[in-house]
Amino acid sequence: MNPREDIKADQHQSAASLNRRNFVGGLWHWAFLTLGVSLTQPTTVISAFVADLTGSTIWVGGLSTTLMVAGVLPQLFVARLIEPRPRKMPYLMIAIYLRVISWGVLAWSIYLFGGQDPMVLAGILVGMLVIFYVGGGLGNIPYTEIIGKIIPPNRRGAFFGGRGILAGPLSVGAAFAARYILAHVPYPNNYALLFGIAAVGLAISSIGFWVIREPILATTHKKPQSWPEFRQHLLSVSRELRPLITAQLLTGFSLMVLPFYVVYAREQLGAPADSVGWFLLAQVLGGSLSNLVWGRIVDTSGSRRMLFICAVISTMTPLVAVVLGSFSWLAMMPIFFFAGAVFNGRKVGFQSALLEVSPAAERSTYTGLNAVLTLPVAFLSLLAGLLLQYWSYSTLFLIASVFIGVGAVVIYRWSLEVGQPN
């Protein structure tokens, strides 16, 4: 082997080592992020806490809407500013620690106020959750950029699905811990403890990005576009994103009913207070076990085929909930399992699809615009909370299933487009 070949071999080995380091760092972050999220699932733990504080389905639906809006609105502004920057990591770290602080303050507030003034505590809860989800929105842009740069296209399915290998045991353990805490620690200190542990988990997750070495792309060294230029660019990008946006909006009706499965089980089926822990466990198991399947399908058959399968399962879940509603609350356990699988499936499939359609140099704009154009999904939970004042849960579940089914058809037709990956 001549010296030039030696240099090439060393460079290849160094690149492979860096790729492994980045891959592991990304998995580490997601594992401990999952730990925190599993302890404070918005569709189980937070929904149950809000219902306990206010006794209102409108509050449950309104909070879900508020959190989604808080996570989305900043993204286009962030995209315009961050896209020209050669390094995105500092912005991501700011977002992560903003979330850590908000969770910590919320835990302290719950412990401080206790059950003395539920509405004051509800106001603090909303404020801290908004900060938490704003942090998530700010972090989404640099996170997508960094993952797009460090994970090769042929490894993205393995990465998005493989996150479940490391996250699974932690999330299942977190679900068991949450169930124990909710059942054995007095209210509301049980929720304070959950949010406090979640803050620690998020802080540990940040170590993953301290390990990652972010590549610097020369094409990102440019000035931000003027707002008129940026608006014209957004119109062009929106046309490219149309099929993806349509699929997300229609299948987003699965997110509309997701917060109300737990409320339905408690109000209509007589589920006890500690059932929230069991529902959380079922949801976490569904999400963790399905991640491996979703990732495999993305790498072997494409993100669109994976999204179609996910949409079919999502269509059936509300229908099965209507049937199982005639039995005991324990019969709802499979609903939370499949709801967790669908929730994680949407993340794997739509993140992979977005990376497929977005050029590397414009990934921030595509990510931010995608978040804004799918914002109407945020209002579906609020709408559901209002409709439940007049409609039954069964009616709401049936209507959601119809819209999700139409979304499955859209995804199937999208997967058949000539010359497109499927």
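In this convention, every chain numbers its residues from 1, walking through the sequence in written order. Per-residue local features of the predicted model are confined to residues with pLDDT of at least 70, and side-chain atom pairs are confined, for both listing and counting, to 80 or more; whole-chain, interface and lining totals are unaffected and use all residues. Side-chain numbers come from the whole structure's heavy atoms, not from hydrogens or water.

A. Quick peek at empty space enclosed by the protein. Think of a 1 Å grid over the protein atoms and nothing else: a 1.4 Å probe that fits but is trapped marks a cavity, an open set flanked by protein within 12 Å on at least five of seven lines marks a pocket, and residues with an atom within 4 Å of a point count as lining. Grid points are joined across faces, edges and corners, and a volume is the space filled by probe spheres set on the points. Evaluation of the coordinates by the stated rule reveals 6 cavities of 30 Å³ or more. By the criteria applied, helices consist of DSSP H or I runs no shorter than four residues and strands consist of E runs no shorter than two, each listed in order from the N terminus. Those elements that provide at least two residues to the lining of the second largest cavity are helix H11 (253-257), helix H14 (303-324) and helix H15 (333-357). In the lining of the second largest cavity, the residues fall into 8 nonpolar, 3 polar and no charged. Charged residues are taken to be Asp, Glu, Lys and Arg, nonpolar residues to be Ala, Val, Leu, Ile, Met, Phe, Trp, Tyr, Cys and Pro, and polar residues to be all remaining types, Gly included.

B. The arrangement of a nonpolar patch on the surface in detail. The patches reported here contain residues having more than 30% relative accessible area and no salt bridge. Joining distances are 9 Å for like charges and 5 Å for nonpolar side chains (Val, Leu, Ile, Met, Phe, Trp, Tyr). Exposure was quantified through the Shrake-Rupley algorithm and a 1.4 Å probe, taking into account, for residues, occlusion by the shown protein chains and nothing else. Any carboxyl oxygen of Asp or Glu within 4 Å of a side-chain nitrogen of Lys or Arg constitutes a salt bridge here. A cluster of nonpolar side chains, Trp 28, Tyr 97, Ile 207, Trp 210 and Val 211, forms an exposed patch at the surface whose accessible area comes to about 470 Å². A per-element tally of the nonpolar patch places helix H9 (residues 207-211) first, with 3 residues. Note on placement: Trp 28 falls in helix H1 (residues 3-39).

C. Geometry of the packing of helix H4 (residues 75-82) against helix H6 (residues 118-150). Where helices are involved, their axes are fitted lines through C-alpha atoms of the stretch in contact, as for all axes, and angles between N-to-C directions lie from 0 to 180°. Packing of H4 against H6 brings their axes to within 9 Å, and their N-to-C directions diverge by 40°. Between H4 and H6, the crossing angle belongs to the class labelled oblique. Considering how the two elements wind past one another, H4 and H6 form a crossing that is right-handed. Between H4 and H6, the residues in contact are Gln 75, Val 78, Ala 79 and Ile 82 and Gly 137, Leu 138, Asn 140, Ile 141 and Pro 142, respectively. Grouping the amino acids of the contact of H4 with H6 by side-chain chemistry returns 6 nonpolar, 3 polar and no charged. When describing relative orientation, an angle under 35 degrees is termed roughly parallel and one over 145 degrees roughly antiparallel, while 65 to 115 degrees is termed roughly perpendicular and anything else oblique. The sense of a crossing depends on the near helix, which, turned anticlockwise from the far helix by less than a right angle, makes the crossing left-handed and, turned clockwise, makes it right-handed. Residues count as neighbours in contact if any of their non-hydrogen atoms are within 4.5 Å of one another.

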